[in-house]
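Topology and contacts: notes
Spelled out, the chains give:
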Amino acid sequence: MLDKIKNFDVIVIGGGHAGVEAAAAASRMGVKTVLVTMNIETIGEMSCNPAIGGLGKGHLVREIDALDGLMARAIDSSGIQFRMLNRSRGPAVHGPRSQADRKLYKKAINILLNEQENLTIIEATIKDLKISENEIKGIVLENNEVYSSKSVVLTTGTFLGGIIHIGDEKISAGRIGDKSSVILSKKIRQLGLPIGRLKTGTPPRLKKNSINWKKIEMQSADATPIPFSYMNSKINIEQIKCGITRTNLNTHKIISDNINLSPVYSGSIHGSGPRYCPSIEDKVNRFNDKDSHQIFLEPEGLESPLVYPNGISTSLPKKVQDNFIKTIVGLENVIIDQYGYAIEYDYMDPRALNSSLEVKKIKGLFFAGQINGTTGYEEAAAQGIIAGINASIRLNENPKWFVLDRSEAYIGVMIDDLIIRGAPEPYRMFTSRAEYRLLLRSDNADQRLTEKGISFGVVGNKRKILWNNKNIELNQANELMDNLKAKPSELKKYNLPYTRTGKARKPKEILSSGEYLIKDLFGIWPDLKKISDQLHPQLETDCRYNVYLKRQQEDINAYQKENNINIPLNFDFNKVKGLSNEIKDILKNIKPNTIAQATKLPGFTPTATLLLLRYLKKQQKEKVFSEH
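Residues numbered from 1 in each chain as written. Predicted model: local features only at pLDDT ≥ 70, side-chain atom pairs only at ≥ 80, totals over all residues. Heavy atoms only, no water.

Regarding the packing of aromatic side chains
Given two aromatic rings, one states the distance between the centres and the angle between the planes to describe the pair. The criterion, for reference: Stacked, edge-to-face and tilted labels apply to pairs of Phe, Tyr and Trp rings (six-membered ring for Trp) whose centres lie within 6.5 Å, assigned for plane angles under 30 degrees, over 60, and everything in between, in that order. Secondary structure elements follow DSSP: runs of H or I of four or more residues count as helices, runs of E of two or more count as strands, with numbering from the N terminus. Note on classification: 1.4 Å probe, protein chains only; a residue is buried when its accessible area is under 20% of the maximum for its type, exposed when over 50%, partly exposed between these limits. Think of it as a cone above the ring: NZ of Lys or CZ of Arg counts as a charge over the ring if it is within 6 Å of the ring centre and within 35 degrees of the ring normal.
What the rule picks out here adds up to 6 aromatic pairs. A ring pair is formed by Phe8 and Tyr147, whose centres lie 5.4 Å apart and whose planes are at 55 degrees; its orientation type is tilted. Here Tyr147 lies in strand S10 (residues 146-148) and Phe8 lies in the loop between strand S1 (5-7) and strand S2 (10-13), a separation of 139 residues in the sequence. Here Phe8 and Tyr147 have matching classes, each one buried. Judged by centre distance (5.8 Å) and plane angle (65 degrees), the ring pair of Phe571 and Tyr615 falls under edge-to-face. A residue pair is termed long-range when its members are at least 10 positions apart, and Phe571 in the loop between helix H17 (546-563) and helix H18 (581-590) and Tyr615 in helix H20 (residues 606-627) qualify at 44 residues. Here the two residues Phe571 and Tyr615 agree in accessibility, since each one is buried. We note Lys32 situated over the ring of Phe8; from NZ or CZ to the ring centre the distance is 5.1 Å. Taking the ring centre of Tyr427 as reference, the NZ or CZ of Arg433 above it sits at 4.2 Å.

Points about the pairing of strand S8 (residues 126-132)
Applicable threshold: A pair of strands is treated as paired once DSSP finds two or more bridges between them.
With 6 bridges connecting them, S8 and strand S9 (residues 135-141) associate as antiparallel partners. By the bridge assignment for S9, Leu129 is matched with Ile139. Here S8 folds back onto S9, and the loop between the two strands holds 2 residues, one of which, Glu133, carries a positive phi near 50 degrees.

Re the nonpolar core
Condition: To define a nonpolar core, start from buried Ala, Val, Leu, Ile, Met, Phe, Trp, Tyr and Cys residues and group those joined through side-chain atoms within 4.5 Å. A contact between two residues is defined here by any heavy atoms of the two lying within 4.5 Å.
With 129 residues, the main nonpolar core has Ile139, Phe367 and Leu612 as its most contacted residues. Among the elements that take part in this core, helix H10 (residues 377-393) stands out by supplying 10 residues, more than any other. Here Phe367 is in contact with Leu154, Ile188, Leu193, Met348, Leu353, Leu357, Val359 and Asn372, once residues within four sequence places are set aside. Listed in part, the 19 residues of the second largest apolar core include Leu474, Ala477, Leu496 and Ile518.

Some words on the sheet that holds strand S3 (residues 33-37)
Within a sheet, each strand pairs with its neighbour through backbone hydrogen bonds, oriented either parallel or antiparallel. The condition is simple: Lines fitted to C-alpha atoms define the axes, with helix axes restricted to the stretch in contact, and inter-axis angles between N-to-C directions lie between 0 and 180 degrees.
The parallel open sheet is built from 5 strands, whose spatial order is S7-S3-S2-S11-S22. Sheet topology places strand S7 (119-123) and strand S22 (365-367) at the edges, where each strand pairs with a single neighbour. Ignoring which end each strand starts from, the neighbouring axes of this sheet average 20 degrees apart. With 5 bridges connecting them, S3 and S7 associate as parallel partners. What sits directly across from Thr37, in S7, is Glu123.

Considerations on the packing of helix H2 (residues 57-66) against helix H12 (residues 445-456)
This is how it is decided: Handedness of a helix crossing follows the sense of rotation of the near helix relative to the far helix, less than a right angle counterclockwise being left-handed and clockwise being right-handed. Polarity classes work like this: nonpolar for Ala, Val, Leu, Ile, Met, Phe, Trp, Tyr, Cys and Pro, charged for Asp, Glu, Lys and Arg, and polar for all others, with Gly in that last group.
Axis separation between H2 and H12 bottoms out at 8 Å; the angle between their running directions is 35 degrees. Crossing hand, H2 versus H12: right-handed. Residues Arg62, Glu63 and Ala66 of H2 form the contact with H12, whose participating residues are Ala445, Asp446, Arg448, Leu449 and Thr450. Across the contact of H2 with H12, the residue classes break down as 3 nonpolar, 1 polar and 4 charged.

A short note on the sheet that holds strand S6 (residues 95-100)
Pairing in this open sheet of 3 strands is antiparallel, and the strands run S4-S6-S5 from one edge to the other. The sheet is open, and its two edges are formed by strand S4 (51-53) and strand S5 (79-85), each paired on a single side. Averaged over neighbouring strand pairs, the angle between their axes works out to 15 degrees when direction is ignored. Where S5 and S6 come together, 6 bridges link them in antiparallel fashion. Along S6, the bridge assignment pairs Gly79 with Ala100. Sheet strands in contact with H2 are S4 and S6, and its direction is about 80 degrees off that of S4.

Here we look at the side chain of Asp405
Our working rule: Here Asp and Glu are counted as negative and Lys and Arg as positive; His is not counted, and neither are the chain ends. The term salt bridge refers to a pairing of a side-chain nitrogen on Lys or Arg with a carboxyl oxygen on Asp or Glu at a separation within 4 Å. Two N or O atoms form a polar contact when they lie within 3.5 Å of each other; inside protein one atom must be a possible hydrogen donor and the other a possible acceptor, and for residues adjacent in sequence the pair counts only when both atoms belong to side chains.
For Asp405, the location among the structural elements is in the loop between H10 and helix H11 (410-421). For the buried Asp405, no salt bridge is present, and the opposite-charge side chain at shortest range is Arg406, 6.8 Å distant. A distance of 2.6 Å separates the side chain of Asp405 from the side chain of Ser407, its partner in a polar contact.

Some thoughts on unusual backbone geometry
Non-glycine residue Asn86 carries a positive phi angle of around 65 degrees. Examined against the element boundaries, Asn86 turns out to sit in the loop between S5 and S6. Of note, the phi angle at Asn118 is positive, near 70 degrees, even though the residue is not glycine. Within the element layout of this structure, Asn118 appears in the loop between helix H4 (102-114) and S7.

Structure representation (structure tokens):
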């Protein structure tokens, strides 16, 4: 018998990176939100690598921040080694990354969550989802309490049917020390959703004082750390060095001799693993021409006694882990505090979702994070913020979804990839996945997204004021640079490039070469000193890419014309003459929302695109004609 019923606008299940951002976003939208987690103590926990950002991932973090999410502010409060990756290449592919102090990151997330109004956090286990006529009605807890809601966001991470593997040892768990969600896993399978299995892994944790640091190469943080959040101008946390060592042929021999004991190679694990973050077993097996593989020794905190050896994720038996690790330079006498393991878990094929991250078959049920086949904190958090916004919007009678196009954001690229192509292996974000990288830079995420976030009500007042002030400054700076100009004789006097035709030049033209900075032009144009130093890098990059940005904008305009042709909900593809049965099956299974999405489907031909495009345009013309 169901005892008590509590009413909430939005229910978020899971306290990982996706759940935290979903719950915070919904609460910022002004709706009554509850975050349900099996263990309140692990909210904000970094289950694997204690780091945020990286190539492509750093872009996601900046975009989450532009929408007033929590991740960037949390890492700014806890980052102990900030580094800008790809610094030698163009700004479009710069990757902000920071090593984190696990304890400080977790503390920062909890402080930020406690600041959210309209948010209740409850420790409980979910027993059931209440669904009626393909519409979510709420959840049932293990103690038979019922929470009713029209919007539920499921962010179960690796906990759904999670099994940990260490050699032939199997443990039912969502991560080491936390039980998996078996009952909920069975319930989701009963709903008839497309469920599969994926796997990921983690390396052993090493005791810091057992490492011979004298043998280890050390890597420093950037001299001037660049914050992730647009709300911060400076990093105040102590910055540390990380160590670098390598595997060797002796390491590889031990791994090769025992590879049949790895659950992936013995057949105990059937789920696909992440291609771009392989285990050390995979590296040795797949890249057997290499004599060594790099390992980053990353302290887990300023006061932590543990080190995370990034690069040797493994699920080999404990004894084998002990043996191969001690062949590595600097680790000859190392003590393992926690052994590495692989974890296999349930995920849902994300092609069952709409762009809003709502399940196509069940109104009001949203999925976000690793349950959708992604890997990484950043990918999970980015989905969480979108799901949280749209779960709030679902409460409206005629919801206007918050959807980011792939020409607007890396978040848009990721979600589009997932719902169209699925995730046959864990999905990881890279800059190479985005067609419009020059526009989608990590430095301009607020210019791209904050205004849209404000219009949907997900951006708080503090950030709104900050953005409005910055936007005014940017407009004034651009106007100033557009109105300043100098003759060739003046430019020559200051050793600046000039035209031989006698034509005057503007600051932006000189900056477009990439050889000059705004401060280099102070002599000839003193008024440029009025521009805030913080805006210089962004303005300089815009000038440098100006010609290319115009071309890319033309490409985007052409793409959006195609993308704006929507495919109606429950559209009957049988009406389109000329489509093969195979193409019709593809369309019926995936149900793309737009022509642009349809063109990306595997097996979808240019001829099919033309036939569908013609039919939809004809329907649009007939609709316009009938209305007049």
